[in-house]
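Structure assessment
Here are the chains, one letter per residue:
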Amino acid sequence: MSHISALAEALHQLLDARQQRMAEWLIDRCRRDVLDELLELPNDVVHARIGYVVRERLRKRRPNADERAISAMEALRNVLNLWCREGRRATIRTLFRELDNEAMSSLSRQPDLDSEVVSMLRDYCSRAHH
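Everything quoted here is computed from the prediction, not taken from an experiment. (Residues numbered from 1 in each chain as written. Predicted model: local features only at pLDDT ≥ 70, side-chain atom pairs only at ≥ 80, totals over all residues. Heavy atoms only, no water.)

1. Some points on the packing of helix α2 (residues 20–29) against helix α4 (residues 48–60)
Definition in use: Each axis is a line fitted through C-alpha atoms, and for a helix only the stretch in contact is used; angles between axes span 0 to 180 degrees, taken between their N-to-C directions. In this description a helix means any DSSP run of H or I spanning at least four residues, a strand means any run of E spanning at least two, and both kinds are numbered starting from the N terminus. Any angle between 65 and 115 degrees counts as roughly perpendicular, while under 35 counts as roughly parallel, over 145 as roughly antiparallel, and the rest as oblique. Handedness of each helix crossing follows the sense of rotation of the near helix against the far helix: counterclockwise by less than a right angle gives left-handed, clockwise gives right-handed. We call two residues contacting when some pair of their heavy atoms lies within 4.5 Å. Any residue that is not Ala, Val, Leu, Ile, Met, Phe, Trp, Tyr, Cys, Pro, Asp, Glu, Lys or Arg is counted as polar, Gly included; the first ten are nonpolar and the last four charged.
Interaxial distance between α2 and α4 falls to 10 Å at its minimum, and their mutual angle equals 60°. Comparing their axes, α4 and α2 come out oblique. Crossing handedness for the pair α2 and α4: right-handed. Across from Gln20, Glu24, Ile27 and Asp28 in α2, the residues of α4 making contact are Arg49, Val53, Val54 and Arg57. A per-class count over the contact of α2 with α4 returns three nonpolar, one polar and four charged.

2. Notes on helix α7 (residues 101–108)
Using the following cut-off: Only protein chains enter the accessibility calculation, which uses a 1.4 Å probe; a residue whose area is less than 20% of its type maximum is buried, one above 50% is exposed, and one in between is partly exposed. The arc refers to the directions leading from the helix axis to the C-beta atoms. Nitrogen and oxygen atoms within 3.5 Å of one another constitute a polar contact, given that in protein one can donate a hydrogen and the other can accept it, and given that sequence-neighbouring residues count only through two side-chain atoms.
Listed as buried for α7 are Ala103, Met104 and Leu107. Taken down its axis, α7 places every buried residue within 100° of arc, on the same side. Seen from the buried face of α7, the exposed residues on the opposite side, beyond 90 degrees, are Asn101 and Glu102. Of the residues that open α7, the one with a side-chain oxygen 3.3 Å from the backbone nitrogen of Glu102 is Asp100.

3. Side note on the nonpolar core
The criterion, for reference: Grouping buried Ala, Val, Leu, Ile, Met, Phe, Trp, Tyr and Cys residues that are joined through side-chain atoms within 4.5 Å yields what is termed a nonpolar core.
One finds Leu7, Leu11, Leu26, Leu38, Phe96 and Leu99 to be the most contacted residues of the largest nonpolar core, which totals 43 residues. At the level of elements, α1 (2–16), α2, α3 (32–40), α4, α5 (72–86), α6 (89–96), α7 and α8 (115–128) are the ones that each hand at least two residues to this core. It is α5 that provides the largest number of residues to this core, a total of nine residues. If near-sequence neighbours (up to four positions away) are discounted, Phe96 is found in contact with Leu80, Met104, Leu107, Val117, Met120, Leu121 and Tyr124.

4. Some words on the environment of Leu11
Its place among the elements puts Leu11 in helix α1. As a C-alpha pair, Leu11 and Trp83 span 72 residues in sequence and 13 Å in three-dimensional space.

5. Topic: the environment of Glu102
Here Glu102 shows up in helix α7. Take Glu102: its relative accessible area is 67%, and that puts it in the exposed class.

6. Re unusual backbone geometry
For Arg18, which is not glycine, the phi dihedral falls at a positive 60°. For Arg18, the location among the structural elements is in the loop between α1 and α2. With a phi close to 65°, Asp112 is a non-glycine residue in the positive phi region. With respect to the helices and strands, the residue Asp112 is situated in the loop between α7 and α8.

7. Re the pattern of salt bridges
Inclusion rule: A carboxyl oxygen of Asp or Glu within 4 Å of a side-chain nitrogen of Lys or Arg is what we treat as a salt bridge.
This structure, assessed with the given rule, holds six salt bridges. We note a salt bridge from Asp28 to Arg57, for which the minimum N-O separation is 2.6 Å. Of this pair, Asp28 sits in helix α2 while Arg57 sits in helix α4, placing them 29 residues apart in sequence. Between Arg89 and Glu116 there is a salt bridge whose closest N-O contact spans 2.6 Å. Of the two residues, Arg89 sits in helix α6 while Glu116 sits in helix α8, which places them 27 residues apart along the sequence. Arg89 sits in the partly exposed class, given a relative accessible area of 25%. Within this structure, Glu24, Asp28 and Arg57 form a network of salt bridges that share partners.

No statement about biological role is implied by the geometric values presented.
Laid out in structure tokens, this is it:
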């Protein structure tokens, strides 16, 4: 479930940074069942704007879109890599706070995760356990 909270946080950060296209890209890459779970989160986690954008993207979605969908962790990998290139390390750490140990482990195994994000993840995990 923490991957759903991390997805909500990523969307929140993207929309706050006016990265609407990247937020839509993220939504479009996720499976419908993941997005349905996201919409079921409490209002204090999923702000009205996020819910609106997700419902709009789902409304426009083609019936076979789930065939090309990827996991939330794969989609988040791309967002984290973007944020790393943009120098948004604090935002990356904010997203890490939403992940439980299992999700962090899953994220760390993602191929093509920027080496700096991997380093930040290791550092975050070592600090979280002390």
